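# Coordinate inspection notes
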Amino acid sequence: MGEQDGLEWRERQQRAVRAHAEAADRQRAAEHAEAAELVAWFAAEATRRGLRTTPLVARGHDGRGRYRTRLTGWYVDRAGTRAVDTAGRFHLLSVPPSLRGRLFGVDPEPDPAPLVLGRGGRDGESIPLRTLLTRRLEAGDDWR
């Protein structure tokens, strides 16, 4: 194998890696767009059904401490770590621990919702976002 063959092979490999990464980015963007539509649908349907909103509270990454937020919406899991605000945005309510946050509250940014929650987790339990949101709607205000 000559030097020229090695360079061509390397260039082909680099193009293949870039193409694979670009395809993965497109798929991830499509999934996030679909999930955002589901979350917006949930917020509209929860409002239409009159589900009671609640002030959303974040927790520290270390599991200790509760942090006030300015968000209002619906928790969508029993642990209270995932929520949808009244504007139809998805939030993972986990923040870095801080004294300032404990005193003044935090403003968590919306997160891109996954189509499947828990995918790839160590416990092996995952649930499609549509199923989770539908269950939350069906449970109404007595879901906890």
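Our structure is the block above this text.
I will try to describe carefully the structure that is included in this document.

### Concerning the overall build of the protein
- Counting its regular elements, the protein contains 3 helices and 7 strands.
- Along the protein, helices (α) and strands (β) appear in the sequence α-β-β-β-β-β-α-β-β-α when read from the amino end.
- Whereas a compact globule of 144 residues would reach a radius of gyration of roughly 15 Å, the protein reaches 21 Å, over 25% beyond that.
- Every one of the 144 residues in the protein was classed for burial, and the buried ones make up 31%.
- Contacts in the protein between residues at least 24 apart in sequence constitute 51% of all its contacts with a sequence separation of at least 6.
- With 25 positive and 21 negative side-chain charges, the protein shows a spacing of 7 Å between the two charge centroids.

### A few points about the side chain of Asp-85
- You can see Asp-85 is positioned in strand β3 (residues 82-85).
- Overall, Asp-85 belongs to the buried group, its relative accessible area being 2%.
- Polar contacts involving the side chain of Asp-85 include one to the side chain of Arg-89, which spans 2.8 Å.
- Sequence-distant contacts of Asp-85, that is, excluding residues within four places in its chain, are made with Ala-43, Leu-56, Leu-71, Thr-72, Gly-73, Trp-74 and His-91.

### Brief notes about the sheet that holds strand β2 (residues 66-75)
- Judged by pairing direction, the sheet is mixed, and its 5 strands sit side by side in the order β4-β3-β2-β1-β5 without closing on themselves. In this open sheet, the two strands that pair with only one neighbour each are β4 (90-92) and β5 (94-95).
- Across 5 bridges, the pairing between strand β1 (residues 54-60) and β2 is antiparallel. Note on β2: the bridge partner recorded for Thr-54 is Gly-73.

### Considering the pairing of β2
- Between β1 and β2, which pair antiparallel and follow one another directly, the connecting turn spans 5 residues, one of which, Gly-63, has a positive phi of 85°.
- Pairing geometry for β2 and β3, over 3 bridges, is antiparallel. Following the sheet pairing, Tyr-75 is matched in β3 by Ala-83.
- Between β2 and β3, which pair antiparallel in sequence order, lie 6 residues; one of them, Gly-80, sits at a positive phi of approximately 75°.

Cut-offs used in this document
- Along each chain, numbering runs from 1 in the same order as the chain's sequence is written.
- At least 70 in pLDDT is required for a residue's local features to be given in this predicted model, at least 80 for side-chain atom pairs to be given and counted, and no such filter applies to totals for whole chains, interfaces and linings, which use all residues.
- Hydrogens and waters are ignored; side-chain quantities use all the structure's heavy atoms.
- In DSSP terms, a helix is any run of H or I states spanning at least four residues, a strand is any run of E spanning at least two, and both are numbered starting from the N terminus.
- In this description the radius of gyration comes from C-alpha coordinates, and the expected globular size is given by 2.2 Å times residues to the power 0.38.
- Here's how the labels work: a residue is buried when its accessible area is under 20% of the maximum for its type, exposed when over 50%, partly exposed in between, all with a 1.4 Å probe on protein chains only.
- Note on contacts: a residue pair is in contact if any heavy atoms of the two residues lie within 4.5 Å.
- Positive charges come from Lys and Arg, negative ones from Asp and Glu, while His and the chain ends are left out of the count.
- Charge coordinates come from a single atom per side chain, which is NZ of Lys, CZ of Arg, CG of Asp or CD of Glu.
- Polar contacts, as counted here, are pairs of nitrogen or oxygen atoms within 3.5 Å of one another; within protein the pair requires one atom able to donate a hydrogen and one able to accept it, and residues that are adjacent in sequence qualify only if both atoms are side-chain atoms.
- Note on pairing: two strands pair once DSSP finds at least 2 bridges between them.

Just geometry here; none of it tells us what the structure is for.
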